[in-house]
Amino acid sequence: MKILVINSGSSSIKFQLIDMENLDVLAKGLVERIGISGSKLSYYKKGKTDVIEQPIKDHKEGINLIISYLIDPYEGVIKDKSEISAVGHRVVHAGEKYSGTVILNKDVIDALKACIPLAPLHNPPNIIGIEASMDILTGIPMAGTFDTAFHHTIPEKAYIYPIPYKYYRKYRIRRYGFHGTSHFYVAKEGAKKLGKDLEELKIITCHLGNGSSITAIKNGKSIDTSMGFTPLEGLVMGTRCGDIDPSIPMFLQKNEEIDYKEIDRILNKMSGLQGISEVSSDIRDVEKRAESGDNQAQLAIEILAYRIKKYIGSYVAAMNGVDLIIFTAGIGENDCLVRKMVLEDMEFLGIHFDSIANDKAIRKYGVISTSDSKITVMVIPTNEELEIAKQTLKVVLNEEK
Ligand code: AMP
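Residues numbered from 1 in each chain as written. Predicted model: local features only at pLDDT ≥ 70, side-chain atom pairs only at ≥ 80, totals over all residues. Heavy atoms only, no water.

## Some points on the sheet that holds strand S9 (residues 202-208)
Worth spelling out the cut-off: One bridge is not enough; two strands pair if DSSP finds at least two bridges between them. A run of H or I in DSSP becomes a helix once it reaches four residues, and a run of E becomes a strand once it reaches two; helices and strands are each numbered from the N terminus.
If you walk across this open sheet you meet the six strands as S11-S10-S9-S12-S14-S13, and the pairing is mixed. The sheet is open, and its two borders are formed by strand S11 (221-225) and strand S13 (366-367), each paired with just one other strand.

## So, the site of the ligand
Rules: In these notes, residues near a molecule or strand are those with any non-hydrogen atom within 4 Å of it. Polar contact is defined as a pair of N or O atoms within 3.5 Å, subject to the rule that within protein one atom must be able to donate a hydrogen and the other to accept it, and that residues adjacent in sequence are counted only when both atoms are side-chain atoms. Per-residue and other accessible areas were derived by the Shrake-Rupley procedure at a 1.4 Å probe size, with only the shown protein chains allowed to occlude residues. Side-chain classes are defined by residue name, with Ala, Val, Leu, Ile, Met, Phe, Trp, Tyr, Cys and Pro counting as nonpolar, Asp, Glu, Lys and Arg as charged, and the others, Gly among them, as polar.
Close to the ligand lie Gly209, Asn210, Asp282, Ile283, Arg284, Ala329, Gly330, Ile331, Asn334, Asp335 and Arg363. In the model, an oxygen atom of the ligand is placed 2.9 Å from a nitrogen or oxygen of the Asn210 main chain. Within the contact set of the ligand, a nitrogen atom lies 3.2 Å away from a side-chain nitrogen or oxygen of Arg284. Computed on the free molecule, the ligand has an accessible area of 500 Å², of which 69% lies beneath the protein chains in the complex. Taken together, the elements giving at least two residues each to the shell around the ligand come down to helix H10 (283-291) and helix H12 (329-334). Per-element accounting of the shell around the ligand gives the leading share, four residues, to H12. Classifying every residue of the shell around the ligand gives three nonpolar, four polar and four charged.

## A look at the layout of surface pockets
Applicable threshold: Method remark: on a 1 Å grid restricted to protein atoms, a set of points is classed as a cavity if a 1.4 Å probe fits but cannot get out and as a pocket if it is open with protein on both sides within 12 Å along at least five of seven lines; lining residues have an atom within 4 Å of a point. Grid points are joined across faces, edges and corners, and a volume is the space filled by probe spheres set on the points.
In this structure, the second largest pocket spans a volume of roughly 410 Å³. Lining the second largest pocket are 19 residues; nearest its centre among them are Gly100, Thr101, Phe184, Gln391 and Lys394. Every element with two or more residues in the lining of the second largest pocket is listed here: strand S8 (142-146), helix H6 (180-194) and helix H15 (384-400). At six residues, H15 tops the list of elements feeding residues into the lining of the second largest pocket.

## Observations concerning the pattern of salt bridges
Note the cut-off: Throughout this description, the term salt bridge denotes a Lys or Arg side-chain nitrogen within 4 Å of a carboxyl oxygen of Asp or Glu. The classification of residues rests on relative accessible area computed with a 1.4 Å probe and restricted to protein chains. Under 20% of the type maximum is buried, over 50% is exposed, and intermediate values are partly exposed.
This model, assessed by the stated rule, comprises 19 salt bridges. Here Lys46 ties to Asp24 by a salt bridge, and the two come within 2.7 Å at their closest N and O atoms. Here Lys46 is found in the loop between strand S4 (40-45) and strand S5 (48-53), whereas its partner Asp24 is found in strand S3 (residues 24-32), with 22 residues between them in sequence. Given a relative accessible area of 57%, Lys46 falls into the exposed group.

That is the geometry; function is a separate question.
So, in structure tokens, the structure goes:
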């Protein structure tokens, strides 16, 4: 069976076609700059990359272009679109309703539309991608895997905010958590590497990318996570502020005489690494600048690492211990400096950091704690697409029974 995974963003569509017999990625790629100048499809199949630059007006054209490449007699990897057994879509926010991967039908899509106010940046393009692929791939089952789903097990004491309860009743304001597919995938992989059951472990997963979140996983279940009602809460991110005193937006609104839309832009797009360093939202640029003696760039990295360290400490307390800490995503998989800054001076917790192993674990699996460390620390590359494909296959086969 072949599963097509689609992750549809506001102006982009990422895709992978995976053969589930052997988990082989037959083709993958990215459509970028949909609806704006410079649109293109990057298409990778084994040993070969093509970049096709052409106007791509909307998501439907983007998906059509992907399919035309997948079935192309020369560049393609399948003969006909009917060889696609199912499509798995990544969806960011499913609200409180769905706790796993589900077959997409009108009711589910309506529920996702109802969640738009909770994820105004993410859900609309996800839904556009789903509707476009339903038009093009008629008759092929589609499933949605939700970023929020893995966090459905978080207990009330961790998801209810200490604001008047009536706002939870009225608007469902609560912690939802995101990056669930990634946290779940790396936790399972980590347990496998340790040779233990996920259900018997306490794990902290640090998904550190452009957006970052950290999750406490006890006995296989997410019990707390740093992103909340939206993906703005928690760690310092590329351009997002993470945790701040909630009175700061009100102070700025009054003193800068700006409206809530501008506040939203400041906290989501102008803060984090970008805001502190005034250099870039990409940690590679910030590190380069810090190396050349820029104090503000150095401070940005220190704040980012310090916040991760504090979250790890709080989740160890929440779980009464930890067996395994996992680093993943762009920064987690690549950035030895951040990992070192987080993990050093944590001996009191039982973390003994292996600096040589840390320098070697770049974009690949590696254990970065010493053999006598009470707590194991690993770098595990995430693979959300594979996890989505596996979950899609499971629900589609169940549906067929
Ligand atoms: P992601 O959101 O997981 O795709 O991660 C993207 C972020 O990872 C980028 O914005 C960079 O800050 C960071 N990143 C990617 N590659 C590297 C690298 N080689 N070294 C350090 N950071 C990296």
